[in-house]
Amino acid sequence: MKSIIIIISNRLSGVFQTIIKLHFFLIFLFFTCHSFATAFHVTVDGSANGDGSEFSPWDLRTALSHPPSVTPGDTIWLHGGTYKGHFFSDLTGSEESNIIVRQFPGERATIDGVGQTGSGILSIKGSYTSYWGFVITDSNTQRLSQIPGSFPSDIPNATGVNITGHHIKLINVIVHDAPGNGIAAWIQSIDTEIYGCIVYHNGWMGPDRGHGHAFYSQNLNGTKVVMDNLMFNNFSMGIHVYTENGSIQGFHIEGNSSFNNGIISGDTRLTANALIGGSQPADRIVYRNNYTFHNSLIIADNVRFGYDVANGDIIVKDNYMMGGFPVLRINNWNSVELTGNTILGFGKLVYMEVPSGVQTSSYDWDNNAYYAGTHDQPYNHISLTFDQWKQTYSIDANSLYTTEAPTGTKVFTRPNKYESGRSYITVYNWDLRGSVDVDLSDVIEEGANYEIFDIEYLDQAPLLAGKYEGGSISIPMNLTQKSQPIGNVPTASKHSGLEFGVYLLKSIPIYQENNNYLTDTKKSFIKK
């Protein structure tokens with residue numbers, strides 16, 4: 001079976017980069033020698049007249065047009081450099097075998113929209129294809145529009161990745177400084193998965209407000225999976241599942257860290273880290289194990305579910321939500337399971353509205369923890385105390401409520417299901433410590449080399465690097481430097497500070513038994 005691999009790699013420091021190159025080379029050599037895969041290649045100076053081989057590589061536009069030699073199960077490696085312009089992919093795999101488009105190890109490849117107009121810097125049609133590990137951005141510096149609304153004509157506003165194909169996987173892709181939304185997956189993109197992506201600084205500023213979300217999506221059939229992504233400092237919202245005339249049914253949203261969205265636009269009112277709802281009913285929504293943060297300056301919703309229309313069912317379970325006003329807004333759901341969540345705010349904690357004919361006593365709403373600070377009536381527009389809240393709505397019978405701040409730290413580590421040794425670490429630092437000890441024994445093997453990056457300063461050298469000797473590693477929290485948006489933005493991007501931090505961990509396992517750098521956890525891309 002042939003293999004088509006487009007691999008675009010992140011910038012890595014010296015020794016670690018060499019290790020990764022050797023690791024991937026051995027895997028690549030093994031599969032090549034055993035005729036399990038034929039690798040195709042793409043380079044910045046490749047040609048439409050090439051055959052996709054290492055010595056006659058394709059250009060990117062040709063590779064994405066689905067050349068006749070590409071079949072389901074194939075893979076293409078994309079080599080380092082900057083690929084300028086907008087690109088369209090028609091690659092089509094099969095239900096049994098995806099095509100993979102992935103960056104080459106030890107190199108860094110970037111798709112730069114260079115200010116061109118259009119729907120997407122990378123527009124994905126086709127089906128059953130995985131896009132993996134590369135960078136999408138736009139070097140355009142015009143981020144201020146004089147035209148209100150979502151479709152300004154005086155500046156570019158292309159989305160970073162615009163998906164209309166079905167059964168698409170976007171894996172560990174970095175999308176930053178796109179002039180429109182970061183990633184958009186529309187109603188046609190059935191059963192699409194957005195996994196492990198890092199999405200920041202996307203959007204533009206209009207005279208009315210900041211525009212451009214990390215992730216904008218609609219859905220009707222199947223279920224879209226949005227898992228283990230990092231979304232922060234976009235001009236408007238983080239997760240934005242919204243419609244006026246379409247459909248928003250069937251989303252599984254899990255393990256994402258979404259924080260300080262909207263802050264670079266200077267807009268403190270329309271900047272939810274997660275919004276699911278619109279003018280049409282939302283339904284079949286699962287939102288669990290997500291981590292959101294707004295600093296004390298933000299008076300917008302942190303997390304919002306629903307608008308005025310009656311919605312179907314939603315599960316909100318085991319999430320951490322810190323900051324915003326209110327922290328959580330949940331409007332007009334027929335069925336709610338809301339359990340195991342931690343909600344901390346500086347003012348109002350929860351606003352709730354209930355559709356006509358629905359009794360909240362039917363909701364499974366309990367075993368949550370509320371931290372209200374000095375606010376003694378933090379519930380709903382009518383300012384209820386916690387006891388009044390429980391009695392009025394017959395919910396939260398076994399939940400915790402306190403006006404005291406939490407103590408200690410809370411650390412969440414999310415191992416990457418597609419790349420062994422890669423994890424995201426999210427830290428709530430209640431004690432405002434200068435550093436936090438994080439036990440990494442579940443995600444790194446002793447003796448393995450590792451690097452830890454501050455996700456807000458990702459384009460710089462790692463914070464920490466070395467050989468893991470077991471136990472905990474002390475990770476700095478007193479960080480102030482961070483990456484700045486490209487172009488003319490109204491507000492400087494500030495670091496989240498001591499209270500909250502997110503980190504990328506990379507390590508190379510000593511023994512790569514399953515070779516899952518080259519395989520899907522559900523289906524093998526390499527057939528024997």
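Everything below is about the structure shown above.
None of these values were measured; they are calculated from a predicted model.

**Digging into the overall build of the protein**
Here is step 1 of the chain: Helices and strands together make up the secondary structure of the protein, namely three helices and 43 strands.
Here is step 2 of the chain: Of the contacts made within the protein by residues no fewer than 6 positions apart, 74% connect residues no fewer than 24 positions apart.
Here is step 3 of the chain: Accessible surface, the protein as shown: approximately 19400 Å² in total, 50% of it carbon and sulfur.

**A word on the sheet that holds strand β18 (residues 215-217)**
Here is step 1 of the chain: Pairing is parallel across the open sheet formed by 10 strands, whose spatial order is β4-β7-β10-β13-β18-β21-β24-β27-β30-β33. Either end of the sheet is taken by a strand with one partner, and the two such strands are β4 (87-89) and β33 (350-353). Averaged over all adjacent pairs, the angle separating strand axes in this sheet is 10 degrees, with direction ignored.
Here is step 2 of the chain: Sheet topology note: the β18/strand β21 (residues 239-241) ladder contains three bridges and is parallel. Note on β21: the bridge partner recorded for Ser 217 is Val 241.

**Overview of the pattern of salt bridges**
Here is step 1 of the chain: Per the stated rule, a full pass over the model turns up nine salt bridges.
Here is step 2 of the chain: One salt bridge in this structure joins Glu 419 and Arg 102, with 3.7 Å as the shortest N-O distance. With Glu 419 in the loop between β37 (409-415) and β38 (422-429) and Arg 102 in strand β5 (residues 99-103), this pair connects stretches of sequence that are 317 residues apart. Assigned by exposure class, Glu 419 and Arg 102 land together as buried.
Here is step 3 of the chain: Two residues, Arg 414 and Asp 228, come together in a salt bridge whose shortest N-O distance is 2.7 Å. With a gap of 186 residues between them, Arg 414 in strand β37 and Asp 228 in the loop between β19 (224-227) and β20 (230-232) connect regions that are remote in the sequence. Here Arg 414 and Asp 228 have matching classes, each one buried.
Here is step 4 of the chain: Through salt bridges with shared partners, one network takes in Asp 228, Glu 254 and Arg 414.

**Thoughts on the packing of aromatic side chains**
By convention here, two paired aromatic rings are described through the distance between centres and the angle between planes.
Here is step 1 of the chain: Applying the stated criterion across every chain, the model contains 27 aromatic pairs.
Here is step 2 of the chain: Taking the centre distance of 4.9 Å and the plane angle of 5 degrees together, the rings of Phe 232 and Phe 259 count as stacked. Of this pair, Phe 232 sits in strand β20 while Phe 259 sits in strand β23 (residues 257-259); the two residues are 27 residues apart in sequence, bridging distant segments of the chain. No difference in accessibility class separates Phe 232 from Phe 259, as the two residues are buried.
Here is step 3 of the chain: The interplanar angle of 25 degrees and the centroid separation of 4.6 Å between the aromatic rings of Tyr 379 and Trp 389 together place this pair among those described as stacked. Taken as a pair, Tyr 379 in the loop between β35 (369-371) and α3 (386-393) and Trp 389 in helix α3 lie far apart in primary sequence, 10 residues in all.
Here is step 4 of the chain: Residue Tyr 379 is classed as buried on the basis of its relative accessible area, which comes to 0%.
Here is step 5 of the chain: Members of the aromatic cluster, each reached through a chain of ring pairs, are Tyr 200, Phe 232, Phe 259, Tyr 291, Phe 293, Tyr 320, Phe 412, Tyr 428, Trp 430 and Phe 500.
Here is step 6 of the chain: Taking NZ or CZ as reference, Arg 304 lies 4.0 Å from the ring centre of Tyr 307, over its face.

**What to know about the side chain of His 294**
Here is step 1 of the chain: Mapped onto the elements, His 294 comes out in the loop between β26 (291-293) and β27 (303-305).
Here is step 2 of the chain: For His 294, the side chain forms a polar contact with the main-chain oxygen of Thr 271, separated by 2.7 Å.
Here is step 3 of the chain: Among the polar contacts made by the side chain of His 294, one reaches the side chain of Asn 273 at a distance of 3.5 Å.
Here is step 4 of the chain: Beyond its immediate sequence surroundings of up to four residues, His 294 is in contact with Asn 260, Asn 261, Thr 271, Ala 272, Asn 273, Ala 300, Asp 301, Asn 302, Met 322, Gly 323, Gly 324 and Phe 346.

**Notes on α3**
Here is step 1 of the chain: Within the span of α3, buried status applies to Phe 386, Trp 389 and Tyr 393. Each buried residue of α3 sits inside an arc of 55 degrees when the element is viewed along its axis, so together they form one side.
Here is step 2 of the chain: Turning to α3, the residues buried within the fold contact β33, β34 (364-366), β35 and β36 (400-402).
Here is step 3 of the chain: Positioned one or two residues after α3, Ser 394 has a phi angle of 55 degrees, which is positive.

The rules behind these values
Each chain has its residues counted from 1, following the order in which its sequence is written. It should be noted that, the model being predicted, local features are given only for residues of pLDDT at least 70 and side-chain atom pairs only at 80 or more, the latter also being counted only at that level, while totals for whole chains, interfaces and linings use all residues. Excluded from the side-chain calculation are hydrogens and water; included are all heavy atoms of the structure. Secondary structure elements follow DSSP: runs of H or I no shorter than four residues count as helices, runs of E no shorter than two count as strands, and numbering proceeds from the N terminus. The contact rule is simple, with two residues in contact once any of their heavy atoms fall within 4.5 Å. Accessible areas in this description were obtained via Shrake-Rupley with a 1.4 Å probe; residue shielding takes into account the shown protein chains only. Two strands qualify as a pair provided that DSSP identifies no fewer than 2 bridges between them. Every axis in this analysis is a line fitted to C-alpha atoms, fitted for helices over the stretch in contact. Angles between the N-to-C directions lie between 0 and 180 degrees. Only one rule defines a salt bridge in this text: a Lys or Arg side-chain nitrogen within 4 Å of an Asp or Glu carboxyl oxygen. Partly exposed describes any residue whose relative accessible area lies between the buried limit of under 20% and the exposed limit of over 50%, with all areas from a 1.4 Å probe on protein chains only and scaled to the type maximum. Pairing of aromatic side chains here covers Phe, Tyr and the six-membered ring of Trp, requires ring centres within 6.5 Å, and sorts the geometry by plane angle: under 30 degrees stacked, over 60 edge-to-face, intermediate tilted. Look at NZ for Lys and CZ for Arg. If either is within 6 Å of the ring centre and within 35 degrees of the ring normal, a charge sits over the ring. Under this definition, polar contacts are N or O atom pairs within 3.5 Å; protein pairs additionally need one hydrogen-donor-capable and one acceptor-capable atom, and for neighbouring residues in sequence, both atoms have to be side-chain atoms. The arc refers to the directions leading from the helix axis to the C-beta atoms.

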